[in-house]
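Residues per chain are reported as follows:
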Amino acid sequence: MTVAFTFPGQGSQAVGMGKDLADNFAEARAVFEEVDEALGEKLSDVIFNGPEDKLTLTANAQPALMAVSLAVIRVLQARGLDLKSKVAYVAGHSLGEYSALCAAGTFSLGDTARLLRIRGNAMQAAVPVGVGAMAAIIGLEHADVIAVCAEASALGACQIANDNGGGQIVISGEKAPVEKAAELATAKGAKRAILLPVSAPFHSALMAPAAEAMREALAGVAKNNPVVPVIANVKAAPVTDADEIAGLLVEQVTGQVRWRETVEWFAANNVTTLYEIGAGKVLTGLARRIDKSVNGIAVNNAADIDTALAALLG
């Protein structure tokens, strides 16, 4: 059994996530306390108790999801899991790449929380509200989505943001061209083209100011090579050099999250089991739709941790 750990992105957050972990494990409580200290506020209170609209804010959701993922990791490690010997690769969806890198030792927990707060604020500030948009295109081939984005780009910025697999591709950019691309996709035979209720056009060229903010932020933090290779979002291939990783994280702000290719890479390289570490089961569902030879297992509460440890430690 070859194992990889994956880490969820924005959209997986829910009020109350991680509370079961904090209630049951001192190691998990310590993670939430350290994130609170790094940010200078009680983000844990928002995570556990809401309100939902406050948790959903990009600047809160990003470090919050990372905190839950790292709480799971610290509990697994305290109970005997050695990442380097038991896990072949790590990967995360968008902000989840930071969670993966923190788990693999590239960044400290406090630095990861601060980086994600900067990232969330910078992404929100990059584009005035209402200027950008994102849409999910369901049931259209990747090449066809590239073609409709290219045609719609006559009106302004429009590109693939996330290739999530399972027939789901998210596009991002300026409002008019994204709406046009959604119309064109429907005309080309997409099952659905749905404008998403997002606050900014993530993973598009419009995020260039946020990419510069992350270049500066990443230059100022201590970085280690990860203890296991990370499959980078923008490459869909393994990376082990800390400086290259930092450069790819800057690219990721305006670039495509190549999640379908990431799961396909796992399948082609003998990874049989993907453990989704943290909140929700989004990545587990996507893995099932991308390649049925890969078994996805979500690990986000005390019972999941016991089951995962039994399998991982034999």
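Conventions and cut-offs
- Residues numbered from 1 in each chain as written.
- Predicted model: local features only at pLDDT ≥ 70, side-chain atom pairs only at ≥ 80, totals over all residues.
- Heavy atoms only, no water.
- Buried < 20%, exposed > 50% of the residue type's maximum accessible area, 1.4 Å probe, protein only.
- Helix = DSSP H or I, 4+ residues; strand = E, 2+ residues; numbered from the N terminus.
- Pairing = 2+ DSSP bridges.
- Axes fitted to C-alpha atoms, helices over the stretch in contact; angles between N-to-C directions.
- UniProt positions renumbered as here; feature names shortened; annotations may be inferred.
- Phe/Tyr/Trp six-rings, centres within 6.5 Å; stacked < 30°, edge-to-face > 60°.
- Contact = heavy atoms within 4.5 Å.
- Polar contact = N/O pair within 3.5 Å; in protein donor to acceptor, adjacent residues only side chain to side chain.
- Salt bridge = Lys/Arg side-chain N within 4 Å of Asp/Glu carboxyl O.

Draft legend 1. Up close: the pairing of strand E3 (residues 132–138). Along E3, 7 of the 7 residues are buried, which leaves the element largely enclosed by surrounding structure. Alternating residues of E3 divide into Gly132, Met134, Ala136 and Ile138 and Ala133, Ala135 and Ile137, and every residue in both groups is buried. Where E3 and strand E5 (residues 168–174) come together, 7 bridges link them in antiparallel fashion. When the sheet's bridge partners are listed, Met134 is paired in E5 with Ser172. Here 4 bridges tie E3 to strand E6 (residues 192–195), and the two strands are oriented antiparallel to one another. For Ile137, the partnering residue across the bridge sits in E6 and is Ala193.

Draft legend 2. Focus on the sheet that holds E5. Spatial strand order, E4-E5-E3-E6: 4 strands in an open sheet with antiparallel pairing. Strand pairing shows two members of the sheet lacking a second neighbour, strand E4 (158–165) and E6, which therefore form its edges. Each strand of the sheet is rotated relative to its neighbour by a mean of 20°, with strand direction disregarded.

Draft legend 3. Structural detail: the UniProt feature "domain: Malonyl-CoA:ACP transacylase (MAT)" (unreviewed entry) in the protein chain. Following the UniProt record, the feature "domain: Malonyl-CoA:ACP transacylase (MAT)" (unreviewed entry) maps to residues 6–314 here. Within the segment residues 6–314, helix and strand shares are 52% and 15% respectively, and the terminal C-alpha atoms sit 21 Å apart.

Draft legend 4. Region of interest: unusual backbone geometry. Following Gly50, the chain continues to Pro51 via a peptide bond in cis, the omega torsion being 5°. Mapping Pro51 onto the fold places it in the loop between helix H3 (43–49) and helix H4 (52–56). The residue Ser94 is not glycine, and still its phi comes out positive at about 60°. Among the structural elements, Ser94 can be located in the loop between strand E2 (89–92) and helix H7 (96–103).

Draft legend 5. A look at the packing of aromatic side chains. Counted by the stated rule, this structure contains 6 aromatic pairs. When the centroid spacing of 5.9 Å and the interplanar angle of 75° are considered together, the rings of Phe5 and Tyr275 count as edge-to-face. Highlighted residues: Phe5 in strand E1 (residues 3–7) and Tyr275 in strand E9 (residues 273–277), separated in sequence by 270 residues. Considered together, Phe5 and Tyr275 belong to a single accessibility category, that of buried residues. Both rings, one in Trp265 and one in Phe266, keep their centres 6.1 Å apart while their planes meet at 70°; by these two values the pair is edge-to-face.

Draft legend 6. Inspection of the UniProt feature "active site" (unreviewed entry) in the protein chain at higher detail. As recorded in UniProt, the feature "active site" (unreviewed entry) lies at Ser94 and His203. Taken together, the annotated residues stretch across 110 residues yet fold into one region, lying no more than 8.8 Å apart by C-alpha. By relative accessible area, Ser94 is classed as buried at 10%. In this view, Ser94 contacts Arg119, His203, Asn233, Gln252 and Val257; residues no more than four positions away in its chain are not counted.

Draft legend 7. Representation of the side chain of Asn164. Locating Asn164 in the fold gives a position in strand E4. In this structure Asn164 comes out as buried when scored by relative accessible area, which is 5%. Polar side-chain contacts of Asn164 include one of 2.8 Å to the side chain of His93. At 2.5 Å, the side chain of Asn164 and the side chain of Gln168 are in polar contact.

Draft legend 8. Structural view of the pattern of salt bridges. Taken as a whole and assessed by the stated rule, the structure comprises 10 salt bridges. Close ionic contact of Asp23 with Lys19 constitutes a salt bridge, the shortest N to O distance being 3.1 Å. Note that Asp23 and Lys19 are positioned in helix H1 (residues 19–24) at a spacing of 4 residues, about one turn of the helix. A relative accessible area of 34% places Lys19 in the partly exposed class. For Glu261, the salt bridge goes to Arg258, with nearest N and O atoms at 2.8 Å. You can call Glu261 partly exposed: its relative accessible area is 23%. Via salt bridges that share partners, Asp163, Arg260 and Glu264 belong to a single interconnected network.

Draft legend 9. Quick peek at the pairing of E2. Residues Tyr89 and Ala91 of E2 are buried on one face, and the alternating residues Val90 and Gly92, pointing to the opposite face, are buried as well. Bridge count between E1 and E2: 4 bridges; the pairing is parallel. Bridged to Thr6 within E2 is Ala91.

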